[in-house]
Amino acid sequence: MTNRRSEIRMSSEEISEFLRGRHTMSVATICPDGRIHLVAMWYGFIGGWPAFHTYAKSQKVQNLRRDPRITVLVEDGDTYDSLRGVQISGTGEIVEDEETKVRLALEVMERYGPAGSPPGDRDMRAFAERFVTKRVAVRIHPERVVSWDHRKL
């Protein structure tokens, strides 16, 4: 009997292609009392893995400063036979480098903004520079990646 789990696992290429799609990412960090803090975020990439912006004083950043463990989930599908997703567990690195934050902001604006907004546009760059004020980027360093694509069933 075949392992159903192995049948639906995505390849590295499929994971990369899926993550590059226009999805919302659920981000889970651990609160001081042990409860999970879970929020939905738009994301871009740093070093080939998902990364996101948030205010430096946000709960998720405070959680990561205390305990860098993070789990994120990107999923898609409306019926059982169309479910697919990628869960990444690892650590979250708080990135305060201005140029990295601006590049990430430009990528996120290109991914989720209106069509025709190229990241090199001077107005877009000026907006991104203002946008990252008081914000940090969070880069995810994966330790475990789990994927599924029920369309393979």
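Scroll up to find the structure.
About the cut-offs
- Residues numbered from 1 in each chain as written.
- Predicted model: local features only at pLDDT ≥ 70, side-chain atom pairs only at ≥ 80, totals over all residues.
- Heavy atoms only, no water.
- Buried < 20%, exposed > 50% of the residue type's maximum accessible area, 1.4 Å probe, protein only.
- Helix = DSSP H or I, 4+ residues; strand = E, 2+ residues; numbered from the N terminus.
- Arc of directions from axis to C-beta.
- Contact = heavy atoms within 4.5 Å.
- 1 Å grid on protein atoms, 1.4 Å probe; cavity = no way out; pocket = protein on both sides within 12 Å on 5 of 7 lines; lining within 4 Å.
- Points joined across faces, edges and corners; volume = space filled by probe spheres on them.
- Nonpolar A, V, L, I, M, F, W, Y, C, P; charged D, E, K, R; others polar.

A. Helix α3 (residues 59-66), seen in detail. Those residues of α3 that sit buried are Lys60, Val61, Asn63 and Leu64. The buried residues of α3 occupy an angular sector of 160° when projected down its axis, which confines them to one face. Buried residues along α3 sit against β1 (25-30), β2 (36-41), β4 (49-55), β5 (69-76), β6 (84-95) and β7 (135-149).

B. Quick peek at the layout of surface pockets. Quantified by volume, the largest pocket comes out at close to 190 Å³. In terms of lining residues, the largest pocket is bounded by 13 residues, among which Trp42, His53, Val108, Phe131 and Arg135 are the most central. Mapped onto the lining of the largest pocket, the elements with two or more residues apiece are β4, α4 (98-112) and α5 (122-131). The leading source of residues in the lining of the largest pocket is α4, at four residues. Tallied by class, the residues present in the lining of the largest pocket amount to nine nonpolar, three polar and one charged.

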